[in-house]
Amino acid sequence: MYDTFEPKSLLPQEKVEFYRKNGFVQIHNVLTADELEELRDYMDEAMNSAQGMSTQTDQKGGSYYRVLNQRVNIWRDHAGMAKYTAHSRFAEMARQLVGTSGIRLFHDHALLKMPGDSKPTPWHQDLTYWPMNETGALSIWITLDDVDERNGCMMFIPGSRSIGKLNPISLVDPQDIFEYTKGTEHEHTKPVIVRMKAGSCTFHDGLTFHYAHANVTDNQRRVLAIIYMTDGTTYSGKSHTITNGLGLAVGEPIRGGLFPLLARA
Ligand code: SIN
Ligand code: NI
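Please read these numbers as outputs of a predicted model, since none were measured by experiment.

On to the pattern of salt bridges, then. Side-chain pairs of opposite charge can arise where the charged atoms are in close proximity. Considering all chains together, one arrives at 13 salt bridges under this definition. The closest approach of N and O atoms between Glu35 and Arg89, which form a salt bridge, is 2.8 Å. Of this pair, Glu35 sits in helix 2 (residues 33–47) while Arg89 is found in helix 5 (residues 88–98), placing the two residues 54 residues apart along the sequence. Across the pair, Arg89 and Glu35 agree in class, each one buried.

Have a look at this one:
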């Protein structure tokens, strides 16, 4: 049970090895039943409020919304969300998986797959969107609902980060990322489907190919995803909602109060 995981606790070596080999890992029960209920309430409250500092990527009816009803930086809307986004339990797991001395928050996002005309999240690599020079950044994807192929569970291509950083894929008009696997060791690698119970999570590296199924059920699929970067990660200058307008210089470490250090060795 990982709901009792403390910053001093160690993840089992097999989880760390699995992540380092495959670029993703699944961990059951990172939330207690009470935390799950609380986080669902906070998320519903935050998502149903028109006020706040988060960025809503698209409105109902839009093509991105059919893929994801997304609010970026939801921790800035709701102190209850901030409690979970800034929680050292999850950041410390990330730190151990990566094997680094410090982990900072880049941003969080609520990722809802809405019922009705839902589209899959196409195969992509996250790091291609982020304004970072270094690799190593990763996401925790905490599901607040049981997930399977009918409501938006994820799939990963194990080991695919070895292909390196490709061009960004459009999530509404996707290119075929598998063009890039032709002639590589991953040409025939099978995706791993990750079904999970609510309160469980996956971690995935920013270069790992991943996908999420469409939601064909009548209920929302609610996920809190938190993006972490290793301390010392520097700004590349790429345009991004989170860093635009902050006055960061290219090559400067991304740090400070908006990118707090959440776990350290
Ligand atoms: C999703 O939740 O549908 C996609 C998550 C991701 O791309 O990281
Ligand atoms: Ni992604």
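Attention now goes to helix 2. Across its 15 residues, helix 2 extends 21 Å between first and last C-alpha, which sits within 8% of the 21 Å expected from 1.5 Å per residue. All of the buried residues along helix 2 are Glu35, Leu36, Leu39, Tyr42, Met43, Ala46 and Met47. The buried side chains of helix 2 occupy one side of the element, clustering within an arc of 130° when seen end-on. Exposed and facing more than 90 degrees away from the buried side of helix 2 are Ala33, Asp34 and Glu37. Close packing links the buried residues of helix 2 with strand 3 (69–72), helix 4 (79–85), helix 5, strand 4 (102–113), strand 6 (138–143) and strand 11 (221–230).

Before going further, it helps to examine the environment of Ile177. Along the chain, Ile177 falls in the loop between strand 7 (154–156) and strand 8 (192–194). Sequence separation between Ile177 and Leu105 is 72 residues; the distance between their C-alpha atoms is 28 Å. Contact partners of Ile177, with chain neighbours within four places excluded, come to Trp123, His124, Gln125, Leu166, Ile169 and Phe209.

The coordination sphere of the nickel ion (ligand 2) contains the protein donors His124 (NE2), Asp126 (OD) and His210 (NE2), at a distance range of 2.0 to 2.1 Å. In the primary structure, the donors to the nickel ion (ligand 2) are separated according to the pattern H-x1-D-x83-H. Here Asp126, found in the loop between strand 5 (121–124) and strand 6, pairs with His210, found in strand 10 (residues 210–212); they are 84 residues apart in sequence, far enough to count as distant. Accessibility classification places Asp126 together with His210 in one group, the buried group.

Taken together, 4 strands build an open sheet; the order of strands is 5-10-7-8 and the sheet is antiparallel. The strands lining the two open edges of the sheet, one partner per strand, are strand 5 and strand 8. Looking at each pair of strands side by side, their axes are set apart by 20° on average, direction ignored. The sheet contact formed by strand 7 and strand 8 spans 3 bridges and is antiparallel. What sits directly across from Met155, in strand 8, is Ile193.

With respect to spatial proximity, the complete set of residues near ligand 1 consists of Leu68, Leu111, Lys113, Thr121, His124, Asp126, Trp141, Met154, His204, His210, Ala212 and Arg221. In the model, an oxygen atom of ligand 1 is placed 2.9 Å from a nitrogen or oxygen of the Trp141 side chain. Arg221 places a polar side-chain atom, nitrogen or oxygen, 2.8 Å from an oxygen atom of ligand 1. Alone, ligand 1 offers 260 Å² of accessible surface; in the complex the protein occludes 95% of this. Cavity membership is defined here by more than half of the atoms lying within 2 Å of grid points; on that basis ligand 1 lies in the largest pocket. Listed by contribution, the elements that provide at least two residues to the shell around ligand 1 are strand 4, strand 5 and strand 10. When its residues are assigned to classes, the shell around ligand 1 shows 5 nonpolar, 4 polar and 3 charged.

Its volume calculated, the largest pocket comes out at about 600 Å³. Considering the residues around the largest pocket, the lining is formed by 31 residues, among which Tyr64, Gln70, His109, Tyr129 and Leu171 are closest to the centre. Of all elements in the fold, only strand 3, strand 4, strand 5, strand 6, strand 10 and strand 11 reach the threshold of two or more residues within the lining of the largest pocket. Looking at the lining of the largest pocket, its residues break down into 15 nonpolar, 13 polar and 3 charged. Looking at the second largest pocket, its volume works out to about 160 Å³.

The next thing to look at is the pairing of strand 3. Residues Asn69 and Arg71 point to one face of strand 3 and Gln70 and Val72 to the other, with burial holding for every one of them. Of the strand pairs in this sheet, strand 3 and strand 4 are connected by 4 bridges, and their pairing is antiparallel. Paired with Gln70 across the bridge in strand 4 is Leu111.

Reading guide: rules and limits
Residues numbered from 1 in each chain as written. Chains lettered and ligands numbered in written order. Predicted model: local features only at pLDDT ≥ 70, side-chain atom pairs only at ≥ 80, totals over all residues. Heavy atoms only, no water. Salt bridge = Lys/Arg side-chain N within 4 Å of Asp/Glu carboxyl O. Helix = DSSP H or I, 4+ residues; strand = E, 2+ residues; numbered from the N terminus. Buried < 20%, exposed > 50% of the residue type's maximum accessible area, 1.4 Å probe, protein only. Expected span 1.5 Å × (residues − 1). Arc of directions from axis to C-beta. Contact = heavy atoms within 4.5 Å. Donors = N, O, S within 2.8 Å, 3.2 Å for Na, K, Ca; no water. Pairing = 2+ DSSP bridges. Axes fitted to C-alpha atoms, helices over the stretch in contact; angles between N-to-C directions. Near = heavy atom within 4 Å. Polar contact = N/O pair within 3.5 Å; in protein donor to acceptor, adjacent residues only side chain to side chain. Areas by Shrake-Rupley, 256 points an atom, 1.4 Å probe, with all protein chains shown as cover. 1 Å grid on protein atoms, 1.4 Å probe; cavity = no way out; pocket = protein on both sides within 12 Å on 5 of 7 lines; lining within 4 Å. Sits in = over half its atoms within 2 Å of the grid points. Nonpolar A, V, L, I, M, F, W, Y, C, P; charged D, E, K, R; others polar. Points joined across faces, edges and corners; volume = space filled by probe spheres on them.

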